[in-house]
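One letter stands for each residue in the lines below.
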Amino acid sequence: MTLDISAIRRQFPILDQELIYLDSAATAQKPQIVIDALKEFYAKKNANVHRGMHGLAEQATTAYENARTSVQKFINAASPEEIIFTKSCTESINLVANSYSSRREGVRGRGSVVLSLLEHHSNIVPWMMCGAHLHWINIDEYGNTRLEQLDTYLKQENIELVAITGQSNVLGTRPPLKEIIQKAHAAGAYVLVDAAQLVAHHQVNVQELDCDFLAFSAHKLYGPTGIGVLYGKRELLEKMPPFIGGGMMIKEATQTGFTPADIPQKFEGGTPPIAQAIGLAAALEWLEQFAWKDIEEHEHALLKHAEHILKNIDGLKILPACHPEPDEGRHAQDVMVRRAHHDMERSGCLSFVLDKVHPHDLTDILGEQGICLRAGHHCAMPLHKRLNIPASTRVSFGIYNTIQEIDILADAIQHAQKILQ
Ligand SMILES: Cc1ncc(COP(=O)(O)O)c(C=O)c1O
């Protein structure tokens, strides 16, 4: 069944405005049903969770824990206890970097973490802050991760963990997660997947992937801001110490110490994002009415159309547009295989540079016309350095975008180009 995009758009009140929203990779817009769930909670059901004995508190606790079960089902985790609510994808990764690394001898100062050059700063800086020794997987000229480098690191270094994006927030490329996870596990390393971009565009099944940790935010998934998710395998979460101390996360506290609560509460110190969890559950329920196949087909068509129309604009280069590394040593067939892989795997967004036009000037002019794009390094400075550019312009899609919007964008870019060049 194809998606009825006009009907979908009517469910997003913000899209009533004269607006072409092509910035869903930064944050997705919210359907009315999510806005209503937040309003309804605050208007009729507001109470703290896991604390009061009164009816409202019990209702709020049930709704909060039901939201955990919704997330468990959404990513097919083995149990709700493996779902930790945080404030964001960023906090989820920080939780692992701090908690996991303080438990194991390795990562803090001595062990090694493998990252790719596709990573967002949220999946770079926490590993730097916990003192891990970093190894970087480069990308080839098509934006694919160079897995032979992962093989080398896994063979030669004492790798504790591979922290890898499920989908680049700049190029839209998707590293082959299953293969990476199998390789890492064979070498005794754990894998954390940064699924901030992936979850809104592709079905995620953590048991099938067999990843050890997976992090994402609700706000890129048509849900509210202020809530993130950390999935972790039970046996790992049970061994890790808490990250944030406070109420809710203890079994017992004395003048001299405390005993942590069981998972998931152990990692949820303080009042959690209750309304946001309920909003997230509403977003997941809303998404469930669509088949992933239909979402992917629609977004793939948008992306292909955008690639086709934008690459015909004079002086516009779609990224990666970079050169092979000098040591690459490939042969022609290898290149073709990788190119095919690249074509299949890009999703959600593309970024570009335009000759003699700064991305900020371009997005300023487009913004005045109600066309929302993102300009800058998109919190991926190491990637931009690899591409030898300081900044780029990103076009990113959600379920509500249309081919017509892309046509308007292309005309607007050409018009802006005449003014700016
Ligand atoms: C790939 C990726 N990882 C992590 C993040 C961080 O997400 P948040 O800011 O919601 O914590 C983002 C946000 O843009 C992202 O694109």
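First, a word on scope: everything that follows refers to the structure included in this document. (Residues numbered from 1 in each chain as written. Predicted model: local features only at pLDDT ≥ 70, side-chain atom pairs only at ≥ 80, totals over all residues. Heavy atoms only, no water.)

Section: the packing of helix α13 (residues 359-368) against helix α15 (residues 403-420)
Across the interface, α13 lies against α15 with an axial gap of 10 Å and an inter-helix angle of 120 degrees. Judged by the inter-axis angle, α13 sits oblique to α15. Judged by the sense of rotation from one axis to the other, the crossing of α13 with α15 is right-handed. Contact with α13, carried on its side by Asp 361, Leu 362, Ile 365 and Leu 366, involves Leu 409, Ala 412, Ile 413, Ala 416, Ile 419 and Leu 420 of α15 and no other residues of that element. Grouping the amino acids of the contact of α13 with α15 by side-chain chemistry returns nine nonpolar, no polar and one charged. (Axes fitted to C-alpha atoms, helices over the stretch in contact; angles between N-to-C directions. Helix = DSSP H or I, 4+ residues; strand = E, 2+ residues; numbered from the N terminus. Parallel < 35°, antiparallel > 145°, perpendicular 65-115°, else oblique. Left-handed = near helix turned anticlockwise from the far one by under 90°. Contact = heavy atoms within 4.5 Å. Nonpolar A, V, L, I, M, F, W, Y, C, P; charged D, E, K, R; others polar.)

Quick word on the packing of aromatic side chains
Applying the stated rule across the entire model yields nine aromatic pairs. Relative to Tyr 400, the ring of Tyr 222 has its centre 5.9 Å away and its plane inclined at 85 degrees; by these criteria the two rings are edge-to-face. With Tyr 222 in the loop between β7 (213-217) and β8 (228-232) and Tyr 400 in the loop between β15 (392-396) and α15, the pair connects residues that are 178 residues apart, well separated along the chain. Members of the aromatic cluster, each reached through a chain of ring pairs, are Phe 12, Tyr 222, Trp 286, Phe 290 and Tyr 400. (Phe/Tyr/Trp six-rings, centres within 6.5 Å; stacked < 30°, edge-to-face > 60°.)

What to know about the site of the ligand
By nearness alone, every residue bordering the ligand is listed as Ser 88, Cys 89, Thr 90, His 120, Ser 122, Asn 169, Asp 194, Ala 196, Gln 197, Ser 217, His 219 and Lys 220. Against a free-state accessible area of 390 Å², the protein chains account for coverage of 88% of the ligand. Along the lines of polarity and charge, the residues of the shell around the ligand split into two nonpolar, eight polar and two charged. (Near = heavy atom within 4 Å. Areas by Shrake-Rupley, 256 points an atom, 1.4 Å probe, with all protein chains shown as cover.)

What about the sheet that holds β15?
As a general point, the strands of a sheet are linked pairwise by backbone hydrogen bonds and lie either parallel or antiparallel. One open sheet accounts for four strands, arranged β11-β12-β15-β14; its pairing is antiparallel. Strands at the two margins of the open sheet, each flanked by one partner only, are β11 (316-318) and β14 (374-376). In this sheet, adjacent strand axes meet at a mean angle of 30 degrees when their direction is disregarded. As defined by bridge partners, β11 adjoins strand β12 (residues 349-354) across three bridges and the pair is classed as antiparallel. Paired with Ile 318 across the strands is Phe 352, a residue of β12. (Pairing = 2+ DSSP bridges.)

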